[in-house]
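Next come the chains, spelled out residue by residue.
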Amino acid sequence: MHELSIANSLAELAMEAAENSGIEQVKALYLKLGALSGVVKEALEFSFDVAVQGTSLEGAKLIIEDVPVSVFCPDCQEERILPEPFPMRCPVCGTKTGQVLAGREIELYALEGGGENDGAESSNCGNSPERFEEK
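Definitions and limits used
- Residues numbered from 1 in each chain as written.
- Predicted model: local features only at pLDDT ≥ 70, side-chain atom pairs only at ≥ 80, totals over all residues.
- Heavy atoms only, no water.
- Disulfide = S-S within 2.5 Å.
- Salt bridge = Lys/Arg side-chain N within 4 Å of Asp/Glu carboxyl O.
- Helix = DSSP H or I, 4+ residues; strand = E, 2+ residues; numbered from the N terminus.
- Buried < 20%, exposed > 50% of the residue type's maximum accessible area, 1.4 Å probe, protein only.
- Core = buried A, V, L, I, M, F, W, Y, C linked by side-chain atoms within 4.5 Å.
- Pairing = 2+ DSSP bridges.

Peer 1: Describe in detail the state of the cysteines, supporting the description with residues and values.
Peer 2: Per the counting criterion, the structure on display carries zero disulfides. Of all cysteine sulfurs in the structure, the one in C93 sits closest to C73, which takes part in no disulfide; the separation is 3.6 Å.

Peer 1: Provide a residue-level description of the pattern of salt bridges, including the pertinent values.
Peer 2: Opposite charge on two side chains allows them to pair when their charged atoms are near. Considering all chains together, one arrives at one salt bridge under this definition. A salt bridge links K41 to D66; the shortest N-O distance between them is 3.2 Å. Within this pair, whereas K41 is found in helix α2 (residues 41–51), its partner D66 is found in strand β2 (residues 61–67), the two being separated by 25 residues in sequence. A relative accessible area of 24% places K41 in the partly exposed class.

Peer 1: Describe in detail the nonpolar core, supporting the description with residues and values.
Peer 2: Ranked by internal contacts, the top residues of the largest apolar core, which has 24 residues, are V26, L29, L31, L44, L62, L108 and L111. Contributing elements (two or more residues each) for this core: α1 (2–21), β1 (26–34), α2, β2 and β6 (105–113). Ranked by the residues each element gives to this core, the list is headed by α1, at seven residues. Within the second largest apolar cluster, five residues are counted, among which are V69, V71, L82 and V100.

Peer 1: Give a description of unusual backbone geometry that names residues and reports values.
Peer 2: What is expected of a backbone is that most residues other than glycine have negative phi and most peptide bonds are trans. Note that the residue after F86, namely P87, is joined by a cis bond; omega there is 5°. The topology assignment puts P87 in the loop between β4 (78–81) and β5 (100–102). Positive phi is not limited to glycine here, since Q77 has a value of about 60°. In this fold, Q77 is placed in the loop between β3 (70–73) and β4. What makes Q77 exposed here is its relative accessible area of 51%.

Peer 1: Go over the pairing of β3 with me, naming the residues and quoting the values.
Peer 2: Here β3 runs beside β4; their pairing, made up of four bridges, is antiparallel. Within β4, the position partnered with F72 by the bridge is E79. Where β3 folds back onto β4 in an antiparallel hairpin, the turn is made up of four residues, including Q77, whose phi is positive at roughly 60°.

See the structure below:
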């Protein structure tokens, strides 16, 4: 179950980002999870709860935004969002394509802080998002 190792990495990144941003208590982590990431959302949620037990993140929520598969259609010359990950065909013209633009990512993109000393702070986890990509 690789979701547990991903959850552990997310927890480490979040604790580091919170410290760098001055957030004392993290209330929520915001994650983008691509349909082609190879991660089972429910397993990641369960693993996250296990990974943060006994840490400063205990009690924080993991809020997951599902990212659909987006491809470039060579015939339409447009980006298209697929209703399902497979088949990899343009939903407008039916042309096969393998040029995936989005849908593989696992991206921690924001933290929400709160508590007596924090107010309601948020952080975008640094200048560039932290990405985990399963290939």
